[in-house]
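Coordinate inspection notes
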Amino acid sequence: MQYQSTRDAGLRVTAAEAIVRGLAPQSGLFVPESFPRADLEAWRQLSYPELAEKVLAGYLTDYSADFLHRAAQATYGEAFGGKAGCTVKVCDGLYALELWHGPTCAFKDYALQLMPKLLVEAKRILHRGETTRILVATSGDTGKAALAGYAGLDGIDIAVFYPNAGTSEIQRLQMATQAGDNVRVYAVEGNFDDAQTGVKRVFSDETVAAELEARGIRLSSANSINWGRLAPQIVYYFYAYFRLAEQGAVAWGEPVDFCVPTGNFGDILAGYYAKRMGLPVGKLVCASNRNNVLTDFIRTGTYDARREFYKTASPSMDILISSNLERLLWHVSGSSDKVADWMRQLAQTGRYTVDAETLAAIQASFDAGFADDAQGAEEIRVRFAQDGYLCDTHTAVAFCVAARCRTAAPMVVLSTASPFKFPRDVLTALGQTAPAGDFAAMAALEAAAGVQAPQSLRALAELPVRFTQVIEPGEIRAAALQ
Ligand SMILES: *Cc1c(COP(=O)(O)O)cnc(C)c1O
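The shown structure was predicted, so the numbers you read here are calculated from the model rather than taken from an experiment. (Residues numbered from 1 in each chain as written. Predicted model: local features only at pLDDT ≥ 70, side-chain atom pairs only at ≥ 80, totals over all residues. Heavy atoms only, no water.)

**Side note on the packing of aromatic side chains**
Scanning all chains against the criterion turns up 29 aromatic pairs. Seen in terms of ring centroids, Phe35 and Tyr272 are 6.4 Å apart; in terms of plane orientation they differ by 85°. Their pairing is edge-to-face. On the criterion of sequence distance, the pair formed by Phe35 in the loop between strand 3 (30-32) and helix 2 (40-43) and Tyr272 in helix 12 (residues 266-276) is long-range, its members being 237 residues apart. With respect to burial, Phe35 and Tyr272 carry one shared label: buried. Seen in terms of ring centroids, Phe161 and Tyr186 are 5.2 Å apart; in terms of plane orientation they differ by 10°. Their pairing is stacked. Of this pair, Phe161 sits in strand 7 (residues 156-163) while Tyr186 sits in strand 8 (residues 183-188), and the two are 25 residues apart along the sequence. When sorted by exposure, Phe161 lands in the same class as Tyr186, which is buried. Here the aromatic cluster, defined as three or more aromatic residues joined through ring pairs, consists of Tyr3, Phe35, Tyr59, Trp227, Phe265, Tyr272, Tyr273 and Phe366. (Phe/Tyr/Trp six-rings, centres within 6.5 Å; stacked < 30°, edge-to-face > 60°. Helix = DSSP H or I, 4+ residues; strand = E, 2+ residues; numbered from the N terminus. Buried < 20%, exposed > 50% of the residue type's maximum accessible area, 1.4 Å probe, protein only.)

Right, dumping it as structure tokens:
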């Protein structure tokens, strides 16, 4: 399998190169030039790690079968407590694909537990001996998932920058207590944008690159534009379908709809890959919070980022420029010239409009909707009262939208974070007064819901805090050079 750039029809690279490089030249994204065919009959009985191996083998053709076998087994076994791809019935025809049974309790573990192994192997395949330094600006979930994935790996170190006072207490402690000799964590004075802008500046600073190169270090990013983060997410769409078929919830070969709480469009795009590989997927429903730029785009064909940015109770979906949409545009339009032109318009004017055929092709597979914080909170309350199902603030947005976009097919909502990661918001949604501290709120939520919080979150209260340094945005460069 070769990879092309969304913005340059001439480029071809291997999977290992795409993963080491992250971004293609001119900020293009690497895309597979075709969709490997799924063997549904052969795959339906496989365990999660076995299925991961098969799906990845179609895309990562320059990686050995033996490596993929070992990596999939090591990643999706114990670390997910045997609950990788776990699907739960919520009520008739409605299911939750719970993606938060991994070590950091958010779906990003599926990619970030595997991608570091893919990167180490890619460097070996390409005979690259440098140290890779991962820089991450995070609003919470990505930082911890990346730390957990990269900690302790040879030839890699990682520095994470999060906004001081911009995360939940749980999220902060998840990062500040991270073990490992190759990890560093900094709180940055300011908001997420300050941290992100500071990190982006370091990436584009040639003096930083030169100084690090002299020391044998090359910078890289862990964010979701890397192909190595997208590919692992395709697996759970297959796994969920097979489980529904096994339970008789869908007749074999009949479609299932998926509703995905969306930010950077990575998770839902993985569902599109599954569909193009041959999985019977009906609609992929793109659920947004009040930052509903994708809802408008999927309904009208105009992407317009010139709008107010809202901070919501589902912060991992607070995004106005949804990077992975570019990959979908390339797959449906088939034209890197068109994509390059739309992306140029977006950068220059903040908006673009796709042609009618491209829009029709998108609407054939996607539906979209959004819910604000109040609707999300009401959804948390109702799901719990009616179905006994407790969900987090991101998943709640998807439940809301899913209800409006139902077809005759069963609907699977991707549940992307444990409700105990956001205990104060969830408790408030249930109609209780949340105590000030996250751990008190966690205990109150356990009592209200009658379930225990994940052990990795409960244990945080006891772990030693390793990182307490607060820096100014202007000090990110020095920290990156350390
Ligand atoms: C990152 C994240 C999302 C959004 O996923 P994208 O791939 O960026 O669309 C949704 N929910 C949670 C909890 C997340 O951490």
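Additional details are given in the paragraphs that follow.
**Description of the packing of helix 8 (residues 169-176) against helix 20 (residues 438-449)**
Two numbers describe how helix 8 lies on helix 20: the axes approach to 9 Å, and their chain directions differ by 115°. The pairing of helix 8 with helix 20 is recorded here as roughly perpendicular in orientation. Within the contact between the two elements, helix 8 uses Glu169, Ile170 and Leu173 and helix 20 uses Asp438, Phe439 and Met442. Looking at the contact of helix 8 with helix 20 residue by residue, the class counts come to four nonpolar, no polar and two charged. (Axes fitted to C-alpha atoms, helices over the stretch in contact; angles between N-to-C directions. Parallel < 35°, antiparallel > 145°, perpendicular 65-115°, else oblique. Contact = heavy atoms within 4.5 Å. Nonpolar A, V, L, I, M, F, W, Y, C, P; charged D, E, K, R; others polar.)

**Topic: the site of the ligand**
Around the ligand, 15 residues are found, and the nearest of them are Lys108, Asp141, Gly263, Asn264 and Thr416. Here an oxygen atom of the ligand sits 2.8 Å away from a polar atom, N or O, in the side chain of Asp141. Between an oxygen atom of the ligand and a side-chain N or O atom of Ser316, the distance comes to 3.4 Å. Tallied by class, residues from the shell around the ligand come to five nonpolar, seven polar and three charged. (Near = heavy atom within 4 Å. Polar contact = N/O pair within 3.5 Å; in protein donor to acceptor, adjacent residues only side chain to side chain.)

**A look at the side chain of Asp157**
Turning to its location among the elements, Asp157 is positioned in strand 7. Separated by 2.9 Å, the side chains of Asp157 and Arg133 make a polar contact. Discounting residues that sit within four places of it in the chain, Asp157 has contacts with Thr131, Thr132, Arg133, Ile134 and Asn182.

**A look at the sheet that holds strand 1 (residues 3-5)**
Read across the open sheet, the three strands follow the order 2-1-3; overall the sheet is antiparallel. Looking at which strands have only one partner, the edges of the open sheet turn out to be strand 2 (8-13) and strand 3. The mean inter-strand angle of the sheet, taken between neighbouring strand axes irrespective of direction, is 40°. Note that strand 1 and strand 3 share three bridges and pair antiparallel. The residue bridging Ser5 from the neighbouring strand is Phe30, located in strand 3. (Pairing = 2+ DSSP bridges.)

**A look at unusual backbone geometry**
A positive phi angle, near 70°, is found at Cys105, a position not held by glycine. Tracing the chain through its elements places Cys105 in the loop between strand 5 (94-98) and helix 5 (108-112). Accessibility expressed as a relative area gives 1% for Cys105, which makes it buried. At His127, a residue that is not glycine, the phi angle is positive and equals roughly 55°. Looking at where His127 falls in the secondary structure, it is placed in the loop between helix 6 (115-125) and strand 6 (131-137).

**Focus on the sheet that holds strand 8**
Taken together, five strands build an open sheet; the order of strands is 9-6-7-8-16 and the sheet is parallel. At either margin of the open sheet sits one strand with a lone partner, and together these are strand 9 (217-221) and strand 16 (470-471). Where strand 6 lies against strand 9, five bridges are found, and the strand directions are parallel. Across the sheet, residue Thr132 finds its bridge partner in strand 9, namely Arg218. Its contacts with the sheet put helix 7 (residues 141-150) on strand 6, strand 7 and strand 8, and the angle it makes with strand 7 is roughly 165°.

**What about the UniProt feature "domain: Tryptophan synthase beta chain-like PALP" (unreviewed entry) in the protein?**
The feature "domain: Tryptophan synthase beta chain-like PALP" (unreviewed entry), as annotated in UniProt, sits at residues 94-367 in this numbering. Structurally, residues 94-367 comprises 46% helix and 19% strand, and the distance from its first C-alpha atom to its last is 17 Å. (UniProt positions renumbered as here; feature names shortened; annotations may be inferred.)

**Some points on the layout of surface pockets**
Considering only enclosed or pocket space, the second largest pocket measures out at about 190 Å³ in volume. As for the second largest pocket, its lining consists of 16 residues, and the residues nearest its centre are Glu98, Trp100, Leu390, Phe420 and Val451. By residue class, the composition of the lining of the second largest pocket is 10 nonpolar, four polar and two charged. (1 Å grid on protein atoms, 1.4 Å probe; cavity = no way out; pocket = protein on both sides within 12 Å on 5 of 7 lines; lining within 4 Å. Points joined across faces, edges and corners; volume = space filled by probe spheres on them.)

**What to know about the pairing of strand 7**
Counting buried positions along strand 7 gives eight out of eight residues, so the element sits mostly inside the fold. Here strand 7 shows no split at all, with Ile156, Ile158, Val160 and Tyr162 on one side and Asp157, Ala159, Phe161 and Pro163 on the other all buried. Note that strand 6 and strand 7 share six bridges and pair parallel. The residue bridging Arg133 from the neighbouring strand is Asp157, located in strand 7. Each parallel crossover has a hand, and for strand 6 linked through helix 7 to strand 7 it is right-handed. Handedness of the crossover joining strand 7 and strand 8 through helix 8 is recorded here as right-handed. (Right-handed = clockwise from strand over helix to strand, strands pointing away.)

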